[in-house]
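Notes for the structure review
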Protein chains: 6
Amino acid sequence: MRPSGRTPDQLRPVTIQRRFTKHAEGSVLVSFGDTQVIVTASVEASVPRFLKGQGQGWVTAEYGMLPRATGSRNQREAARGKQGGRTVEIGRLIGRSLRAAIDMKALGEHSITLDCDVIQADGGTRTASITGAYVALADAIQHMLDAKMIKQNPIKHAVAAVSVGVWNDTPVLDLDYAEDSTAETDLNVVMADNGGFIEIQGTAEGEPFQPKELTAMLDLASKGVAELCEIQKAVLNEEA
Amino acid sequence: MRPSGRTPDQLRPVTIQRRFTKHAEGSVLVSFGDTQVIVTASVEASVPRFLKGQGQGWVTAEYGMLPRATGSRNQREAARGKQGGRTVEIGRLIGRSLRAAIDMKALGEHSITLDCDVIQADGGTRTASITGAYVALADAIQHMLDAKMIKQNPIKHAVAAVSVGVWNDTPVLDLDYAEDSTAETDLNVVMADNGGFIEIQGTAEGEPFQPKELTAMLDLASKGVAELCEIQKAVLNEEA
Amino acid sequence: MRPSGRTPDQLRPVTIQRRFTKHAEGSVLVSFGDTQVIVTASVEASVPRFLKGQGQGWVTAEYGMLPRATGSRNQREAARGKQGGRTVEIGRLIGRSLRAAIDMKALGEHSITLDCDVIQADGGTRTASITGAYVALADAIQHMLDAKMIKQNPIKHAVAAVSVGVWNDTPVLDLDYAEDSTAETDLNVVMADNGGFIEIQGTAEGEPFQPKELTAMLDLASKGVAELCEIQKAVLNEEA
Amino acid sequence: MRPSGRTPDQLRPVTIQRRFTKHAEGSVLVSFGDTQVIVTASVEASVPRFLKGQGQGWVTAEYGMLPRATGSRNQREAARGKQGGRTVEIGRLIGRSLRAAIDMKALGEHSITLDCDVIQADGGTRTASITGAYVALADAIQHMLDAKMIKQNPIKHAVAAVSVGVWNDTPVLDLDYAEDSTAETDLNVVMADNGGFIEIQGTAEGEPFQPKELTAMLDLASKGVAELCEIQKAVLNEEA
Amino acid sequence: MRPSGRTPDQLRPVTIQRRFTKHAEGSVLVSFGDTQVIVTASVEASVPRFLKGQGQGWVTAEYGMLPRATGSRNQREAARGKQGGRTVEIGRLIGRSLRAAIDMKALGEHSITLDCDVIQADGGTRTASITGAYVALADAIQHMLDAKMIKQNPIKHAVAAVSVGVWNDTPVLDLDYAEDSTAETDLNVVMADNGGFIEIQGTAEGEPFQPKELTAMLDLASKGVAELCEIQKAVLNEEA
Amino acid sequence: MRPSGRTPDQLRPVTIQRRFTKHAEGSVLVSFGDTQVIVTASVEASVPRFLKGQGQGWVTAEYGMLPRATGSRNQREAARGKQGGRTVEIGRLIGRSLRAAIDMKALGEHSITLDCDVIQADGGTRTASITGAYVALADAIQHMLDAKMIKQNPIKHAVAAVSVGVWNDTPVLDLDYAEDSTAETDLNVVMADNGGFIEIQGTAEGEPFQPKELTAMLDLASKGVAELCEIQKAVLNEEA
């Protein structure tokens, strides 16, 4: 029995609230249970220097946590004068994951920045960020189409992410903090809605895990991402 | 006529939602119209080095903005590697304002950090932060009393803040962004609920302002803070 | 009786020595009693990026203290790798205050930087800085007129500043360190020579202060600034 | 045909030169073809603050590249004042991978830092670093045993790593730079010598990859790591 | 003929004004012609960590320039967030030079920090700093003796410094900016008053210099330092 | 008798291995006994901003140490976020020394960066760096000639460096760590192969040194540099 009473293959309640703040071209509040992340998508009509003049766009991401998103307060990274390693690593993962969703040529010389700020953490902040970021990105793309900044939709496929792990010798889906902090293995899986893998990051916290466990975890992840993609689709189909 | 249709002495709709996040000892979402700030109060059983062994506590504050809280995206301060001057200045103002509310001896050797993170900006972020921070602070103090960390309530009086300014030759209360960006004079007033001043910060954006204008603005501010203190009181009287 | 033997409405001896260093377009050593600040005004034929091409100029300021300007040594900010919050806050105050003196259109696309470096601190370093900076600025403007960089004098009015406070239950003018460190209320007032307010920054160190005290302090400040403006005028009328 | 003429399941020539520098407790020069990394293992009789007094040790890693390890010069990170995101991400991966090899209780209150400095880069710097770091770590552990700093060997199993990818529609082992820069999919696999997985990090550079491709890549990785573990074992069996 | 009209072996007018600021244990304004440096000596009853418990003291130095000490304004190092290479290099030179004057055992577990801040630069700022720093140091030592912090005088010998160079094919003493910026060779010489060398730093700006030129320059330096030591002695003999 | 058994005027075994890494235009591994430094020379077809459009080139250098190049581990400077003072000072010395070898007009608008990274330290890292850097620089220049980036060879003369010191009352050549850490005087001498001095940096660690000692040390240095220039010449004459 999982601490939350969920079955091994059960996601936490997932909600994605669109248009959460008014300034950004796309903006959501995404919740995976008690994990809550604000994601905004900001469009700029320029690209980073290394892409200038190549007729293509760019998607990037940054990740942050409010100091008291967690059980005890973390020092504010802006005050410390640098981002921690974990922050940098997660920001890069989110950026790569969302770049995979976009045809950069079709995006033209525009940049979209996805800012993922965790306001409450309870495990799975990176997978919630990616799942929510896709919706914010889709809204920002629609804004660009409406504003005639681009002519065709550059989205290749939806992207969602979930964590899976081995907890108490059982493969489980979407670990919350109580599970995450004691899991034997922790795997974050980013997938397209066509069932292909975009990113896999797995770590054995205790003993190395065996290929059979990996297969079981990847099956769970596929199931979970499929459900998340349905939620994304339903949310994006709502009236604006 | 003000851009928002308000009368000169009218506050924007103000709401303060308590227990907004689950980890902090005190936590609110405060809205002054479209300006929205998450404030958390974090309690620690220690004091900064310069106060060690003096049998007294400390209250401090930090301020931040999500990168897309504003009309165009600002670079993330953690990524830039330093806090901007405006950020530092506002954080210090909030800290001084809330320290004025507390009897540091009665707080004992505890620290309370108020983190004010603007998720949507539309003028008056520092006054919304201070007004919300008082509620988060009061909840954190109640938590400490309940947990028997302290024996007596160290709160001396409530604290709230509002901006006043001269806009279009008229003194007006609680400027929103449309007014703030074109105001001739901008004054932030922090007061106790007993009508005393805690902080006054006024800047003539255009011509120097005259003593008569100052008096008119301070009268408006007194009225506005009195209303804000009523809202704080009502919110704190709600069932937990 | 004040520690220095002054009457409540008495300034410390104030001197402003022009042409204190040879390289800067304007340069003074300003003393308010034992508080001594070197202020230089540096002219550049360019403006910050956010003003490019708008046909107007800019005035900015930076503040610093030599490490042993105070009773015990402070770590050098350049060695620590960042400016402290107080430094940033004061630099911004000085910049806003002096910008109020200048018609930016008449200044054309030029920048003037006011560097205020405290070599000896005894209370009131920010007000001494502002008062001295006006003289350095006026000299730099005269240099620009002489060099035909600008055609008309962009100075709108003189600017001076003084602190007032409530010390030992009495409103007093121009607090020195002995008073400042024990004052109940501390108010920095920046005014134009026409009697208008440019900046007011007041903090209740102990109990909130009442409107009546504020009025008494502002009256003292008006008297003090009027005397400082006379001193500025006399100094600027001296033979070059 | 691969650019290097290798078969799809063929590693580059791999060498690990022990005792490469004289000061460190363990030190190797590891080469995967033209990729060359100096790895040192440094032992300290203390642990990071978060582990103090818990009777266990710690293993951590840092990664760096000489500025001209690559085809064009990269700015020195020490001169830029911060480590890049890629550097941080790889350092954390190496640390996690080697921690998996060690029983922290058996290590006692000692820290071992693995410094991996790339002197020549040609693809696979992180997998070469991990594979070499295990040998440096084993030598440092032997040093500690010889010096009676610890009583029992805390090594649980050997650790090695290799990259696999899909290049030109074919799964290939141990990508060099020519392949890496054009691969469709890139997967870094860290394994124990018992065939268990420690870390899996895979990224679809172009299209999402399918479960079947993943299986093929993991099979190749298992074969490659087995060969690398043989090389480690042979090197460690050489006369000191 | 030198630009200043001096003979090749002639120092600029040198003045050292003691007790220039009131807080520091030693403090001078030293002028070598138009080069002016404020030097303070700050005493602390502690030593850096690497010297703790060894029964000896430490002398260190830091160097800085006000932003407009030079012909055009330099960005403030505290605002840039780091000290430039030249600043660091000169600070280290001053520190080594003054450490040579002191018997660290006799100083006991005390630290003295020499802060050298250039307020006006015209060549030779490092040699003026060292020459002035010795006087500030001597005053700080006298303060420690008077306060019974130490029992015996730890000064081993006086220290002074001067630059010499080859300008216009002629060896010259104490280069000012006009000479320094066009000199073929530039040599900074720090000596004890017993005629021994403490530091020699010479750079060929154009062609390498020959041993014969070196000898001529060192002779000039010896003459110059002897004069500087006389000036130091005269200043230190003045009534307090 | 020196700790190493060398005679006072005897260099350590010196080797310079060309083409040590494959990417850089020039690259060596230089050893002075157990001191080992990798030096790369990187050519870029641009110059720093302050030289733009002046038809001349630039040579600069950076210095670093692997964290475990020394007996105990030093924190990685990139991780600390800044270069230490010693690092900066040595990098500047190397840059000045190699700039003296080059006719900047003949180099055209090209920059060459010399990266000196110490992989094992045993005294004399800066002199080994300079001596090796000349060979890397010569190879990079040859590369530029071969690639027709420049028409004539801009090298004016070879440059080499050696340390000399007074150890155990005897002047000795090329101090190793055992001597360096206990030497009374330490002098680093950079010379051209024509016998002229480029840089002299001497420090009295204990008592000031006398002119006679300086002369003896400079004679030793001349002998040592002459031998080093022979080694450079022999290495550069080897078949490519």
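Residues numbered from 1 in each chain as written. Chains lettered and ligands numbered in written order. Predicted model: local features only at pLDDT ≥ 70, side-chain atom pairs only at ≥ 80, totals over all residues. Heavy atoms only, no water.

Comments concerning the pattern of salt bridges
Following the criterion strictly, the structure yields 127 salt bridges over all chains and no others. Taking the shortest distance from any N to any O, the salt bridge between Arg96 of chain B and Glu199 of chain B comes out at 2.6 Å. With a gap of 103 residues between them, Arg96 of chain B in helix H2 (residues 85-99) and Glu199 of chain B in strand E9 (residues 197-204) connect regions that are remote in the sequence. Given a relative accessible area of 1%, Glu199 of chain B falls into the buried group. Across the pair Arg6 of chain D and Asp174 of chain D runs a salt bridge, and its minimum N-O distance is 3.7 Å. (Salt bridge = Lys/Arg side-chain N within 4 Å of Asp/Glu carboxyl O. Helix = DSSP H or I, 4+ residues; strand = E, 2+ residues; numbered from the N terminus. Buried < 20%, exposed > 50% of the residue type's maximum accessible area, 1.4 Å probe, protein only.)

Comments concerning the nonpolar core
Grouped together as the largest cluster of nonpolar side chains are 136 residues, with contacts concentrated most on Leu98, Ile112 and Ile141 of chain B together with Leu98, Ile112 and Ile141 of chain C. By size, the runner-up hydrophobic cluster in this structure holds 135 residues, among which are Tyr63 of chain E together with Ala69, Ala121 and Val190 of chain F. (Core = buried A, V, L, I, M, F, W, Y, C linked by side-chain atoms within 4.5 Å.)

Points about the UniProt feature "domain: Exoribonuclease phosphorolytic" (unreviewed entry) in chain A
Residue and element names in this part refer to chain A. This chain's UniProt record puts "domain: Exoribonuclease phosphorolytic" (unreviewed entry) on residues 10-140 and 157-224. With 30% helix and 31% strand, residues 10-140 has end C-alpha atoms that lie 30 Å from one another. Helix makes up 26% of residues 157-224 and strand 43%. Its end C-alpha atoms lie 17 Å apart. (UniProt positions renumbered as here; feature names shortened; annotations may be inferred.)

Comments concerning the sheet that holds strand E6 (residues 159-167) of chain A
Across the sheet, eight strands lie side by side as E7(A)-E6(A)-E8(A)-E9(A)-E9(D)-E8(D)-E6(D)-E7(D); this open sheet has antiparallel pairing. Every other strand in the sheet has two partners, leaving strand E7 (170-173) of chain A together with strand E7 (170-173) of chain D as the edge strands with one partner each. Put simply, the sheet's adjacent strands are angled 15° from each other on average, direction ignored. With seven bridges joining them, strand E8 (residues 185-192) of chain A and strand E9 (residues 197-204) of chain A adopt antiparallel strand pairing. Note on E9 of chain A: the bridge partner recorded for Leu187 of chain A is Gly202 of chain A. Strands in contact with helix H4 (residues 125-146) of chain D are strand E6 (159-167), strand E8 (185-192) and strand E9 (197-204) of chain D; relative to E6 of chain D, the strand with the most contacts, it is inclined by about 160°. Along the sheet, helix H6 (residues 211-237) of chain D makes contact with E9 of chain A together with E6, E7, E8 and E9 of chain D, crossing E6 of chain D at roughly 145°. (Pairing = 2+ DSSP bridges. Axes fitted to C-alpha atoms, helices over the stretch in contact; angles between N-to-C directions. Contact = heavy atoms within 4.5 Å.)

Things to note about the arrangement of the chains
Separated in space, chain C and chain D share no contact, their closest pair of C-alpha atoms being 11 Å apart. At the level of C-alpha atoms, the two units chain B and chain F stay apart, their nearest approach being 11 Å.

Details of the side chain of Arg12 of chain C
Residues and elements named next belong to chain C. With respect to the helices, strands and loops of the structure, Arg12 is situated in the segment before strand E1 (14-18). Looking at Arg12, its side chain comes within polar contact range of the main-chain oxygen of Phe32, at 3.2 Å. Each residue touching Arg12, except ones within four places of it in the same chain, is listed here: Arg6, Phe32, Gly33, Thr35, Asp122, Gly123, Gly124, Asp174, Leu175 and Asp176. (Polar contact = N/O pair within 3.5 Å; in protein donor to acceptor, adjacent residues only side chain to side chain.)

Some words on the packing of aromatic side chains
Counted under the stated rule, the structure contains twelve aromatic pairs over all chains. Their ring planes at 45° and their centres at 5.6 Å tell us that Phe209 of chain A and Phe197 of chain D sit as a pair that is tilted. One end of the pair, Phe209 of chain A, is in the loop between E9 and helix H6 (211-237); the other, Phe197 of chain D, is in strand E9, on a second chain. Grouping residues by exposure puts Phe209 of chain A and Phe197 of chain D together as buried. Ring geometry for Phe50 of chain D against Trp58 of chain D: centres 5.3 Å apart, planes inclined by 85°, an arrangement best described as edge-to-face. Given the relative accessible area of 21%, Trp58 of chain D is considered partly exposed. (Phe/Tyr/Trp six-rings, centres within 6.5 Å; stacked < 30°, edge-to-face > 60°.)

Some remarks on the UniProt feature "binding site: phosphate" (unreviewed entry) in chain A
Per the UniProt entry, the sites bearing "binding site: phosphate" (unreviewed entry) are Arg86, Gly124, Thr125 and Arg126 of chain A in this numbering. Despite a sequence span of 41 residues, these residues sit close together in the fold, their greatest C-alpha distance being 13.4 Å. In this structure, Arg86 of chain A sits in helix H2 (residues 85-99). Classification of Arg86 of chain A as partly exposed rests on a relative accessible area of 33%. Excluding residues within four positions of it along the chain, Arg86 of chain A makes contact with Tyr63, Met65, Thr125 and Arg126 of chain A together with Arg92 of chain D. Polar contacts involving the side chain of Arg86 of chain A include one to the side chain of Tyr63 of chain A, which spans 3.4 Å. Within the fold, Gly124 of chain A resides in the loop between strand E5 (111-120) and helix H4 (125-146). Beyond its immediate stretch of four places on either side in the chain, Gly124 of chain A contacts Arg12, Thr35 and Leu175 of chain A.

Some words on the interface of chain B and chain A
Contacts between the two partners involve 37 residues from chain B, matched on the other side by 37 residues from chain A. A combined buried area of about 2,900 Å² lies between chain B and chain A, and 50% of that area is made up of carbon and sulfur atoms. By the criterion of area lost to chain A, the three top residues of chain B are His23, Arg68 and Arg76 of chain B, representing 25% of everything that side buries. Our count for the chain B to chain A interface comes out at 15 salt bridges. Summed over the shared surface of chain B and chain A, the result is 24 residue pairs in polar contact (both at pLDDT 80 or more). For the side of chain B that touches chain A, the elements supplying multiple residues, two or more each, are strand E3 (35-44), strand E4 (58-65), helix H1 (77-80) and strand E5 (111-120) of chain B. The element contributing the most residues to the side of chain B that touches chain A is E5 of chain B, with six residues. Residues belonging to the side of chain B that touches chain A are distributed by class as follows: 14 nonpolar, eleven polar and twelve charged. (Buried area = accessible area lost by both parts, 1.4 Å probe. Nonpolar A, V, L, I, M, F, W, Y, C, P; charged D, E, K, R; others polar.)

Side note on the relation of the copies chain B and chain A
The two copies are related by a screw motion: chain B maps onto chain A through a turn of 180° and a shift of 0.0 Å along the axis, at an RMSD of 0.0 Å. What the superposition gives is, in effect, a two-fold axis relating one chain to the other. When C-alpha distances to the rotation axis are compared across chain B, the minimum falls at Ala78 of chain B, with a value of 1.9 Å. Of the residues that chain B buries at the interface, 100% are likewise interface residues in chain A, meaning the two copies contact each other through the same surface. (Least-squares fit on C-alpha atoms with pLDDT ≥ 70 in both.)

What about the packing of helix H4 (residues 125-146) of chain C against helix H6 (residues 211-237) of chain C?
Residues and elements named next belong to chain C. Packing of H4 against H6 leaves a shortest axis separation of 10 Å and a crossing angle of 30°. Here H4 is positioned roughly parallel relative to H6, judged by the angle of their axes. Between H4 and H6 lies a crossing of right-handed hand. Where H4 abuts H6, its residues Thr131, Tyr134, Val135, Ala138 and Asp139 lie against Leu228, Gln232, Val235 and Leu236. Looking at the contact of H4 with H6 residue by residue, the class counts come to six nonpolar, two polar and one charged. (Parallel < 35°, antiparallel > 145°, perpendicular 65-115°, else oblique. Left-handed = near helix turned anticlockwise from the far one by under 90°.)

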